[in-house]
Amino acid sequence: MTHRWPRLDGPAYGGDYNPEQWPEQIWAEDVALMREAGVNLVSLGVFSWSRLEPTEGVFDFGWLDRIMALLHENGIRVDLATPTAAPPPWFSSAHPDSLPVTRDGQRLGTGSRQSVCPSSPDYAEASVRIASALAQRYGQHENLVLWHVFNEYMAPTGECYCDNSVRDFRRWLRAKYETLDALNQAWGTSFWSQDYGDWDEIDAPRTAPSAVNPAQRLDFARFSNDAWLACFRRERDAIRRHSPDVPITTNFQDVRCQGLDQWAWAPELDVVSNDHYLVAEQRDNHIGLALAADLTRGVAGGAPWLLMEHSTSAVNWQRRNIAKRPGEMARNSLAHFARGADGILFFQWRASRFGQEKFHSAMLPHGGTDTRVWREVVELGAALQALAPVVGSRVVPDVAIVWDWEAWWALELDWRPSQDVRYVEQVTHWYEQLWRSHLTADFVRADADLSQYPLVVVPSLYLTTEEAAKNLRGYVESGGTLVVSFFSGIVDENDAVLLGGYPGALRELLGIVVDEFLPLREGETVRLSDGSRADLWADDLRLRGAEAVVEYADGPAAGKPAVTRHSVGAGEAWYVSTRLAAEDLRALLARMPAVRSEFAGLAETVEVVTRRGEDGDRDCDYVTVINHGEDEAQVAVAGHELLTGSDVSSLAVPAGQVRVVRRRLGG
Amino acid sequence: MTHRWPRLDGPAYGGDYNPEQWPEQIWAEDVALMREAGVNLVSLGVFSWSRLEPTEGVFDFGWLDRIMALLHENGIRVDLATPTAAPPPWFSSAHPDSLPVTRDGQRLGTGSRQSVCPSSPDYAEASVRIASALAQRYGQHENLVLWHVFNEYMAPTGECYCDNSVRDFRRWLRAKYETLDALNQAWGTSFWSQDYGDWDEIDAPRTAPSAVNPAQRLDFARFSNDAWLACFRRERDAIRRHSPDVPITTNFQDVRCQGLDQWAWAPELDVVSNDHYLVAEQRDNHIGLALAADLTRGVAGGAPWLLMEHSTSAVNWQRRNIAKRPGEMARNSLAHFARGADGILFFQWRASRFGQEKFHSAMLPHGGTDTRVWREVVELGAALQALAPVVGSRVVPDVAIVWDWEAWWALELDWRPSQDVRYVEQVTHWYEQLWRSHLTADFVRADADLSQYPLVVVPSLYLTTEEAAKNLRGYVESGGTLVVSFFSGIVDENDAVLLGGYPGALRELLGIVVDEFLPLREGETVRLSDGSRADLWADDLRLRGAEAVVEYADGPAAGKPAVTRHSVGAGEAWYVSTRLAAEDLRALLARMPAVRSEFAGLAETVEVVTRRGEDGDRDCDYVTVINHGEDEAQVAVAGHELLTGSDVSSLAVPAGQVRVVRRRLGG
Amino acid sequence: MTHRWPRLDGPAYGGDYNPEQWPEQIWAEDVALMREAGVNLVSLGVFSWSRLEPTEGVFDFGWLDRIMALLHENGIRVDLATPTAAPPPWFSSAHPDSLPVTRDGQRLGTGSRQSVCPSSPDYAEASVRIASALAQRYGQHENLVLWHVFNEYMAPTGECYCDNSVRDFRRWLRAKYETLDALNQAWGTSFWSQDYGDWDEIDAPRTAPSAVNPAQRLDFARFSNDAWLACFRRERDAIRRHSPDVPITTNFQDVRCQGLDQWAWAPELDVVSNDHYLVAEQRDNHIGLALAADLTRGVAGGAPWLLMEHSTSAVNWQRRNIAKRPGEMARNSLAHFARGADGILFFQWRASRFGQEKFHSAMLPHGGTDTRVWREVVELGAALQALAPVVGSRVVPDVAIVWDWEAWWALELDWRPSQDVRYVEQVTHWYEQLWRSHLTADFVRADADLSQYPLVVVPSLYLTTEEAAKNLRGYVESGGTLVVSFFSGIVDENDAVLLGGYPGALRELLGIVVDEFLPLREGETVRLSDGSRADLWADDLRLRGAEAVVEYADGPAAGKPAVTRHSVGAGEAWYVSTRLAAEDLRALLARMPAVRSEFAGLAETVEVVTRRGEDGDRDCDYVTVINHGEDEAQVAVAGHELLTGSDVSSLAVPAGQVRVVRRRLGG
């Protein structure tokens, strides 16, 4: 990844701006209010294709020229989008075979977004044409600081099962496997009579009478990810030809999008961007926010990233769209910032009057400026300006969590031991206990250099490659502490079981062997020997070098080891064979070497994250404290508090408030 | 609406009669039993197309001639149906493109009913042919008193997404909008790149990757309603040519059918008819019955209407088809009658031996005449004869409720603030409290003349036209009391938000502004300052002229107004921003001016409804009392009780019984 | 049914063996381990089509020759399968119209199993070709003892709605009805305008706007069963031509497969086989196992049958695939054996490394031989050898239960009085109380000779033919005790109601008449006069010769008879009009004449089943005792215990253990 940040002073602040939805008369008001709020960046042109190219090959850039100029005059920079996430009616009408087809064979309709197949050649041509035209016209525009390709790839349209997709899938397979023998081997086609004798016999893994070959489905997930990535590359390369100096991004969607493998995409971008939305009804949903932010920073390789979208208050597409409470938007925004987001943008600037998303909150609500939301938007703009010194600094992690999209895909295919094992839930369970322990986690690839981390957590890494297993072993041998949770290391990259006792990929490293999985019944819980409670899963496990840390006291694995520890080289490899209750998992984490936060004594509801940067010629820490609780928090950190502009020897953070202290390091 | 009642003596009594399902030998028994039961009207020919026209264009009227004659000889009048709700096999087989297509693109099969698209030209031709043939042959038959077109329009087939429908939708849009600019404006097509450059680019709003343009969906709902209405008009006009003197109806289905806008249909009928079925498992389902009856009277403009179908006991299509308990059928029937139904008909006369509905109860059960149901059918026939003087009188309303199909359609499209806000539930919540307060409600259009009502309730009228808003304002200014519940007045007829603070259409009238919707979590309740409880919804509301009647005591709107009152002109406009608990809403209603029933002191379980008519040269009231409770009720009403034939000075109504007292008015 | 047992010594033991999924190097290990475990029979070739015929008409039998030889050398007999349950890719690719179509019109994909329509002429040709080729090559092989046609007919693919199916359905109807008049009469097409004027107008009963003609659906279920049976016959006959001496089977799936009428299929087989899988999360799922075993024995006419598949531990396709606990596999296996299975086979020999079923347990787990499962497999092999004398003996029944697939189909069509009445649940409810009363049940056809049974139970036999009703009457008149539960005897074979009061087919025999069904609300219970509790259903019932045994104390039928008894000839006909609570039903059974087990005093958790055979020149009983409880059981049975090889005068069975005592009969 080439990390190239848009030319901006201080943190980016702003949102999606769709002037084409409004009469030009109110543009002046828009821009004045943007200035009032401290907005310095807006995303233009997302979904504007039918306005920019009203008929095939005929462009209307007039309105865009005018708003670009107006923004320029007002010092508001532009993130210009290619509008390719929503082909216009003339396109779908002329190319009905470009509409996506579901796994059930249903051709989807128009009037929505992403109604397009990534393998449509007509779409390839049309999307490159509009991207090129935009780049040619605006690629050198002084006010342009960022390109925004498409919008939210693979949401909602991920896999497509149309004829074009099948044809492309065959090509992709041919490139990957070269011979049918290799493919038949990898897919285990001797099961259920699926040996292929001709490439053209291969179909997309559409709905069939029973479960479909899991290796085929896994490759189709990879293919679909690659097909969309190819769409991105096509547009990016077209833009680069005319606008080589402006960085290019596209906006990811953290754990909301299963299909897009961000590890594969991130190296293709100049800046990593994320769209984050709270699960509104969920309790403590700011922990999910923190996870999303840390994951985004992980795929950005630790570099600052851009929060391309979040909401000032409620969204519109959940079952009950709970509005944010006073102060919540600021806490959300500054939590992202604390976790590495050097820009805080919203969907969207002005609430739409019509269309599917009109009940999505915005910076400027339907009610106008005499509203709580608007006032908080203005305050947040000011706060970000006060935090300008933090820009460019890097988050200081305590531990690492292994995250892997392919493992997620494989884990959630049909017919696993228990449908209750869901990847995001398992990772979140671990993440949440780290968060409540005031530990900041980096998300990493299983084959990454882990040497900087005292502890690495591997939640349910069902699919584990040989390379990953080797890397984890090296990490432990060199002195690291590894903790692996159940149903990890089970299959290889083709979803084939690693034989000889589970978990085949990690058995030696963990010093155990699992003879059989013992998933628990719905609602069933078991007790462990130390009084812990657990649910969801147990293993029929034997020690092969490891020692038992805790045993099962009852349930199907009564008397067998539940948690084990294996000394390997200079390090330790732990294994947790069940889902421990939250507090019990937290207690277990506290028993591991070197896992203690500087802020361990604080209430669980107080979030603390540190970014490390430079202050003049000295290193410094920017310690952000977010008080999610109902009582004032007292935090032992001294330095200069940026939001109130005062020096503190000990920091008091009122309930619901955020503080950022600059603490100088070294002598 | 031309109100033309069928020529009948006394209340209509009878049901659907399908002699074609039985050997002709038993017709004599049928007719003898009908006479025993006091049946004076039967619906013939519903679903008889394949018997009347066994091959395209070849008719067999012999059996119908014979049964018409037999009924005539026995003084049983006929409501003759066109059989067009179920095209025969030869039709579907010859015209497979007439079969309806779902939103998901599935072409539906045969062997059922309403397997036809309203835009099929072949269906138009065939349905007019059979309707004309029937009208030509029977249009002047002495025994014919009513025409019954189709059966239950738009249930189950409402919207169709086939090519014919799309073609017709485009024509309909062209007629409505004239220019694409107007359509693009109305639909807000600048959102998500949907600007249309050619009419042929427009598709039906079929299932797409994400939510589809709500204005497009709303227009498609209007188009679908119009498409079926056109089917009705075609048949009606064909009948009128040969049978100008016989009134024409079709049977509605009250709140069970969302798609059919009865306000649009009713003016096209001579008599309004309704099919009502209890939600069998629901507690107090007689309140839902009362609502349905009042709504039907509303669309009939207050005139007497026909209960075309209900059941003597269980139906067959619910999950658990609970049988009616002894006396329940009579209470149900007389409640409809009390609320304006001058005819009580059943589906059906004789229980089918075969087919999909054989477990639907009937007047004559599978078990024959030695059954509870048959005995009660005979008793009911006698009761209705005793009530003959009531025929033609009009129900006396206490209050009015605004009901609007378009508001219903719009409210329940995708992506609203909370999926928990359902139109029928909201209206029912208000209706039920009025019912329990012994207040009779008329259902009215929002743009109707409301001057006769002391109180008008507007539950969740999400879509509010300018005309409606103006009418409501006029009503209040002239001294009326208006009560509006949350999520009313939000959008215009194109589902576009009325800006400047919610509720845009009613903000001034209510003297408030809502900055933000605060839908509540699942199961969440809040307390109000007067001790009331509420759930589902709250508003972030500020007063702009209104006064706060009650505030929120906790929850997301704590401290803000929950219920407000605004004096406007000679009247008052109330606003209720949440769903109050039933008893709390009842208490609130009791606080409003002029909302007190003559029968307010009665137990909640006693239903009282008054019809006003003439008795000789004097006006009189027919006061129907239905005792749904388990204790005898004593009601302060004096006059002549029609069912027992006795004069009463104070009325005692035993548990489960019904009484109808004629009370003379004036001196 | 020609009962021809495979040539084997002692009970069959083994499982599905798929050597084609493994390198040939490990075959020797497989065979050595099979010998260690006592395996004497394996099923080869299931799903091997793409390996046996890699291209249309080109065969590769080399690998099969080699494994056949290796097994032969090691004395392991072969059950050779035709691989036709999964056509290879070349077939589906060349014949896309052979892929099945759902009721919703969705053409299903490949990559799975049974992706084929039974009416495909191309499939007919291809399946006969491969079956013939196998029979020609191996039909005289010394090591071949059984043919296994297809695999699990009608699971997952039962009904197909493609054009070929529709064409065949019309042919089938023409053969059944000869004239359209007869069909119109049988289907009741006068309901909803469905009279057919041409055979080509008839369609499969695909999803339609509303419920589809139930008689049409019932005939389509019959047709689909026949279409698959024709597939079986085609292959069987092709095999017989080359291999007349080897018995032929196919594996049923007990109550898991609704679509296949085993009464119709069993006579076409030489040996009846069943695949049984526990409902893993269900409490006491060994009772469901016993039911399945008894049902299989019933369709085998009491002759020994083959347990073709079950699992050593967890399966992979349930929501939570609970592993079996130690000893459970042996209890399961020996329960099948006790109930007539003379062979105990597993899916599968060696756990797959890849594919959809890799998490299905096997005889040889992924972990190899140092595992609990493998050790128990070896033990079970030894136990079965000790039980060799039992082979060929016959189970001794106490009572009979009527079971009928057509009644099941009809009962669960759309629009019955209550969706809560499910056939398998109703039968299971009765079966379970018999099981807990230590009574062994035979499953019988309603028209079978019932004279040997003192008690015959008829649970919810909704569809009852005239012949069945006559047979049940004859049984009672001759002295039998019949007990019929609610919603029996309602319709004839065309799903047409038998008029004159329910239950039309059994009204006279039971001496009652039911005027109306009174299904109960969800969760509603009623009390009876003897203190019993019941739910789900009640009847409005009058006595017509019977006497009331118990009445309803409350609920909608309060005061009416709930259980009745009618003396007819030398016997009694009981009727139970509701679902009694388990213990109350057990108490009621105990009140019936002649229903008491020899082992009635044992704990409910002790299962006892007797097989009667010969021991030299004397008859003997083999009494199997399975202790599912947690305490040792003491059973009053004396003789020789086969598993421990000791003589006992009274049998002690430890918790979780199984014992089989040979008890000599006569002098």
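Up top is the structure.
Residue numbering note: each chain is counted from 1, following its sequence as written. The lettering of chains begins at A and the numbering of ligands begins at 1, in the order of writing. Confidence filtering applies because this is a predicted model: local features only for residues at pLDDT of at least 70, side-chain atom pairs given and counted only at 80 or more, and all residues used for totals across whole chains, interfaces and linings. The side-chain numbers reported here are obtained from all heavy atoms of the structure, hydrogens and water having been left aside.

Caption draft 1: Quick look at the side chain of Thr250 of chain B. All names here are of chain B. As for its placement among the helices and strands, Thr250 is situated in the loop between strand S5 (248-249) and strand S6 (251-252). As used in this structure description, the phrase polar contact means that two N or O atoms lie within 3.5 Å; if the pair is within protein, one of them must be able to donate a hydrogen and the other to accept it, and residues adjacent in sequence are counted only when both atoms belong to side chains. At a separation of 2.7 Å, a polar atom in the side chain of Thr250 contacts the main-chain carbonyl oxygen of Val149. The contact criterion used is simple: two residues touch if any of their non-hydrogen atoms lie within 4.5 Å. Those residues in contact with Thr250 that sit more than four places away from it in its chain are Val149, Phe150, Tyr153, Phe232, Trp265, Leu269 and Ser273. Secondary structure elements are taken from DSSP: a helix is a run of H or I of four residues or more, a strand is a run of E of two residues or more, and numbering for both begins at the N terminus.

Caption draft 2: Structural context of the sheet that holds S6 of chain B. All names here are of chain B. In this description, strands pair whenever DSSP reports at least two bridges between them. Pairing is parallel in the open sheet, where nine strands are placed in the order S5-S4-S3-S2-S1-S9-S8-S7-S6. Sheet topology places S5 and S6 at the edges, where each strand pairs with a single neighbour. With four bridges connecting them, strand S1 (residues 12-17) and strand S9 (residues 341-346) associate as parallel partners. Considered in S9, the bridge of Tyr13 is made with Ile344. Running at roughly 175 degrees to strand S4 (residues 144-148), helix H5 (residues 121-138) makes contact with strand S3 (77-81) and S4 of the sheet. To obtain an axis, a line is fitted to C-alpha atoms, over the contacting stretch when the element is a helix, and the angle between two such axes runs from 0 to 180 degrees between their N-to-C directions. Sitting on the sheet, helix H11 (residues 328-338) is in contact with strand S8 (305-309) and S9, with an inclination near 145 degrees to S9.

Caption draft 3: Just the relation of the copies chain B and chain A, in detail. The copies are overlaid by a least-squares fit using only the C-alpha atoms of residues whose pLDDT is at least 70 in both copies. Of the transformation superimposing chain B on chain A, the axial component is 0.0 Å and the angular component is 120 degrees, with the fit at an RMSD of 0.0 Å. Expressed as an axis order, the relation between the two copies is that of a three-fold axis. Residue Gln106 of chain B of chain B places its C-alpha closer to the rotation axis than any other residue of that unit, at 5.0 Å.

Caption draft 4: Seen up close, the interface of chain B and chain A. With 53 residues of chain B at the contact, the number on the chain A side is 53 residues. When chain B packs against chain A, the two sides together hide about 4500 Å² of surface, and 53% of this comes from carbon and sulfur. Salt bridge criterion: a side-chain nitrogen from Lys or Arg within 4 Å of a carboxyl oxygen from Asp or Glu. Where chain B touches chain A, the interface holds six salt bridges. A salt bridge links Arg542 of chain B to Asp370 of chain A, with the nearest nitrogen and oxygen atoms 3.0 Å apart. Our enumeration of links across chain B and chain A arrives at 27 residue pairs in polar contact (both at pLDDT 80 or more). Listing elements by their share of the side of chain B that touches chain A, those giving two or more residues are helix H8 (214-242), strand S15 (512-517) and strand S18 (539-543) of chain B. Grouping the constituent residues of the side of chain B that touches chain A by class yields 23 nonpolar, 13 polar and 17 charged. As a working definition, buried area equals the accessible area (1.4 Å probe) given up by two parts on being put together, with both sides summed. Three classes are used: nonpolar for Ala, Val, Leu, Ile, Met, Phe, Trp, Tyr, Cys and Pro, charged for Asp, Glu, Lys and Arg, and polar for all others, with Gly counted as polar.

Caption draft 5: Quick look at the pairing of strand S15 (residues 512-517) of chain C. All names here are of chain C. Most of S15 is tucked away: six of the six residues are buried. Across five bridges, S15 lies against strand S18 (residues 539-543) in antiparallel orientation. Considered in S18, the bridge of Ile512 is made with Leu543. Exposure classes here rest on a 1.4 Å probe applied to the protein chains alone. A residue is buried below 20% of its type maximum, exposed above 50%, and partly exposed in between.

Caption draft 6: Layout of the interface of chain C and chain B. On the side of chain B, 52 residues touch chain C, which itself brings 53 residues to the contact. Here chain C packs against chain B, burying approximately 4500 Å² in sum over the two surfaces, 53% of which is carbon and sulfur. Of all residues in chain C, the largest losses of buried area upon contact with chain B belong to Trp192, Pro209 and Trp415 of chain C, amounting jointly to 16% of the total for that side. At the junction of chain C with chain B, the criterion picks out six salt bridges. Our count for the chain C to chain B interface comes out at 27 residue pairs in polar contact (both at pLDDT 80 or more). Among the secondary structure elements, those contributing two or more residues to the side of chain C that touches chain B are helix H8 (214-242), S15 and S18 of chain C. Counting residues per element, the side of chain C that touches chain B draws most heavily on S15 of chain C, which supplies three residues. Of the residues in the side of chain C that touches chain B, the class split is 23 nonpolar, 13 polar and 17 charged.

By themselves, these observations are geometric and do not establish any function.
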